[in-house]
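The primary structure of each chain is shown beneath.
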Amino acid sequence: MDITFNCPHCDQELAVDQSGAGSQIDCPNCGESIIIPSTGKVTTGSLPPVPAPPAGGTTTPPPAAKKELHLKVPVRDKPGEVLIGKTKPPLEAVQKGAGKRLRIQTIRRASCIESGHDHFDERVSELLNEIGESNLLSVNVVNYEHFDVGIQKIVQDYGVLVVFRG
């Protein structure tokens, strides 16, 4: 039969053969000196039996002999708790695609004019559909000036700056 008890220093569960009750041992986990209690959860364990004394011998060992105790550390069915873990990313980062790189794209209205037709809205719509709403972070209007070679003047124009994950 075994006595199952916890170390008073580190709370490690230990099981000792009942014959070791009252003996002083070092905890196999923390190394502190503890006295095996005489009471505890007594179970029939799988420890090897204590050998019987030789025929005609005494039942108590001589004072110089060291008493051998059989300790066992319990085996867990589940993995132990993680003491140092990785921090989880913020929830909003997970929802917006945390593993993707931050990117930007600028579309100028002047670059969308072909043969006198303005295709700016179509180009912006195509880009937004390609990115997808879940990856879109912001759309910003930009105003700029450029030199128009055809009319030889500085012209004010506009465009959009799209910030997204992708």
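Let us look at the structure shown here. Remember, predicted model here, so these are calculated numbers, not experimental data.

### Comments concerning the overall build of the chain
When its secondary structure is counted, the chain shows two helices and eleven strands. When the helices and strands of the chain are placed in sequence order, the string is β-β-β-β-β-β-α-β-β-β-α-β-β. Within the span of the chain, comprising 166 residues, buried residues form 19% of the whole. When contacts within the chain are restricted to residue pairs at least 6 apart in sequence, those whose partners lie at least 24 apart make up 52%. For the chain, the computed accessible surface area is about 12,800 Å², with 52% contributed by carbon and sulfur atoms.

### Some points on the sheet that holds strand S7 (residues 102-108)
Strands belonging to one sheet form pairs held by backbone hydrogen bonds; the direction of such a pair is parallel or antiparallel. Overall, antiparallel pairing links the three strands, which are arranged S7-S11-S10 in an open sheet. Strands at the two margins of the open sheet, each flanked by one partner only, are S7 and strand S10 (136-148). Direction aside, the axes of adjacent strands within the sheet are offset by 25° on average. Here S10 runs beside strand S11 (residues 153-165); their pairing, made up of twelve bridges, is antiparallel. Bridge pairing links Asp-148 to Lys-153 in S11.

### Concerning a negative patch on the surface
A cluster of acidic residues, Asp-121, Glu-122, Glu-126 and Glu-130, forms a negative patch at the surface. With respect to the helices and strands, Glu-122 occurs in helix H2 (residues 120-131).

### Points about the environment of Asn-29
Looking at where Asn-29 falls in the secondary structure, it is placed in the loop between strand S3 (24-26) and strand S4 (33-35). Distance from Asn-29 to Leu-14, taken between C-alpha atoms, is 9.5 Å for residues 15 residues apart in sequence. Leaving out residues up to four positions away in the same chain, Asn-29 has contacts with Cys-10 and Gln-12.

So, how was this worked out
Residues numbered from 1 in each chain as written. Predicted model: local features only at pLDDT ≥ 70, side-chain atom pairs only at ≥ 80, totals over all residues. Heavy atoms only, no water. Helix = DSSP H or I, 4+ residues; strand = E, 2+ residues; numbered from the N terminus. Buried < 20%, exposed > 50% of the residue type's maximum accessible area, 1.4 Å probe, protein only. Contact = heavy atoms within 4.5 Å. Areas by Shrake-Rupley, 256 points an atom, 1.4 Å probe, with all protein chains shown as cover. Pairing = 2+ DSSP bridges. Axes fitted to C-alpha atoms, helices over the stretch in contact; angles between N-to-C directions. Patch = residues over 30% accessible without salt bridge, like charges linked within 9 Å, V, L, I, M, F, W, Y side chains within 5 Å. Salt bridge = Lys/Arg side-chain N within 4 Å of Asp/Glu carboxyl O. Lys, Arg positive; Asp, Glu negative; His and termini not counted. Charge placed at Lys NZ, Arg CZ, Asp CG, Glu CD.

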